[in-house]
Amino acid sequence: MTEAILLVGGKGTRLRPLTVHTPKPMVPAAGVPFLTHQLARARAAGVEHIVLATSYLAEVFEPYFGDGAGLGLHIEYVTEEEPLGTGGAIRNVADRLHSGPDDPVLIFNGDILTGLDIRALVDTHESTGADVSLHLTKVTDPRAYGLVPTDETGRVLAFLEKPQTPEEIVTDQINAGAYVFRRSLIDTIPAGRPVSVERETFPGLLAAGAHLQGMVDSTYWLDLGTPAAFVRGSADLVLGRAPSPAVPGRCGDQLVLPTATVAPDAKLTGGTVVGEGAFVAQGARIFGSTILPGAVIEPGAVITDSLIGTRARVGERSVLTGTVIGDGAVVGADNELLTGARVWCDAHIPSGALRFSSDQ
């Protein structure tokens, strides 16, 4: 197995304002663009050729990764003129693949952080003679996901929409967003129009009698679609809970990039990342958060489970919990922002302007 397709064209609307200037796969997680972790894990599993299916802010990928040689890969880029959905994006890059008709092609969604055993998924695909193999994971509460029941051999029986009643929850297995396709099947996806691989391609193949195989791997799995999930994923990479050969440093409570400055008495814990050129002043306390390059955290600020954008500033004694601060934004001193708050890029909150509790 030498080829893979990475679907990195989404707009990341649930992650805004993080994705106003940066496509979701390029938002830093544990010190490097999230996509770097996926590429590094694919290379470690034996993948040599990867096609990136791009769309939103497509122009930022190639200047950063180039031809992939720095990661030991050969990377090509294909940009959709109009969004084509997951299936349409796969079909749109088919002519860049070199595999024979029966060869396996790996496909990853660009917003999933996972400890999937990639080789095991390919081995399952080949040993069962499947047309398509899917990584499945088990979740405690499957109501937010489409369900994928399988028989005792792992063969997929159906693709079910999100369950609306307890009776509809027939399995706790869900589609985890990584697949192996028999190369020839990619050419059966309609070209030139939007296609959902989850809603159209897979159910259609099943109805036509194709062999779809599920492999349950419930190691680490996280959909990074929301700010809270993205911050958690970055922290888990730093803590070593999520595996990646691309973390630029040793796993532990904190990851401080070489050009960052952190005051000796500042406290960084819980997988906190301080990006290049960022500054954390004296008395600041940061837990499980990501401070992106060039951001400034002023004295006495307390930041928990939050993401502070590039060149943003958090004022003295401000308290942020579960908050996203966009690139270039300024939160003045003595503000309090709690879970779910999003401050847009370049916005300016004056000192003492916003609180969720008394100022006493």
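Treat the numbers as computed from the prediction; the structure is a model and nothing was measured. (Residues numbered from 1 in each chain as written. Predicted model: local features only at pLDDT ≥ 70, side-chain atom pairs only at ≥ 80, totals over all residues. Heavy atoms only, no water.)

Residues annotated by UniProt as "domain: Nucleotidyl transferase" (unreviewed entry) correspond here to residues 4-236. With 26% helix and 23% strand, the stretch residues 4-236 has end C-alpha atoms that lie 25 Å from each other. (UniProt positions renumbered as here; feature names shortened; annotations may be inferred. Helix = DSSP H or I, 4+ residues; strand = E, 2+ residues; numbered from the N terminus.)

What links the strands of a sheet is backbone hydrogen bonding, and the strands pair in either a parallel or an antiparallel sense. Reading across the sheet, the five strands line up as β14-β17-β20-β23-β26 and stay open at both edges, with parallel pairing between neighbours. The sheet terminates laterally at β14 (267-269) and β26 (336-337), the two strands that pair on one side only. Pairing of strand β20 (residues 302-304) with strand β23 (residues 319-321), which is carried by three bridges, proceeds in the parallel orientation. When the sheet's bridge partners are listed, T304 is paired in β23 with T321. (Pairing = 2+ DSSP bridges.)

Turning our attention to the pairing of strand β1 (residues 3-7). Counting buried positions along β1 gives five out of five residues, so the element sits mostly inside the fold. The alternating pattern of β1 places E3, I5 and L7 on one face and A4 and L6 on the opposite face, and all of these are buried. Pairing analysis gives five bridges linking β1 to strand β4 (residues 49-54), with the strands arranged parallel. Pairing of E3 across the sheet is with H49, part of β4. One ladder, built from four bridges, connects β1 with strand β6 (residues 104-109); its direction is parallel. (Buried < 20%, exposed > 50% of the residue type's maximum accessible area, 1.4 Å probe, protein only.)

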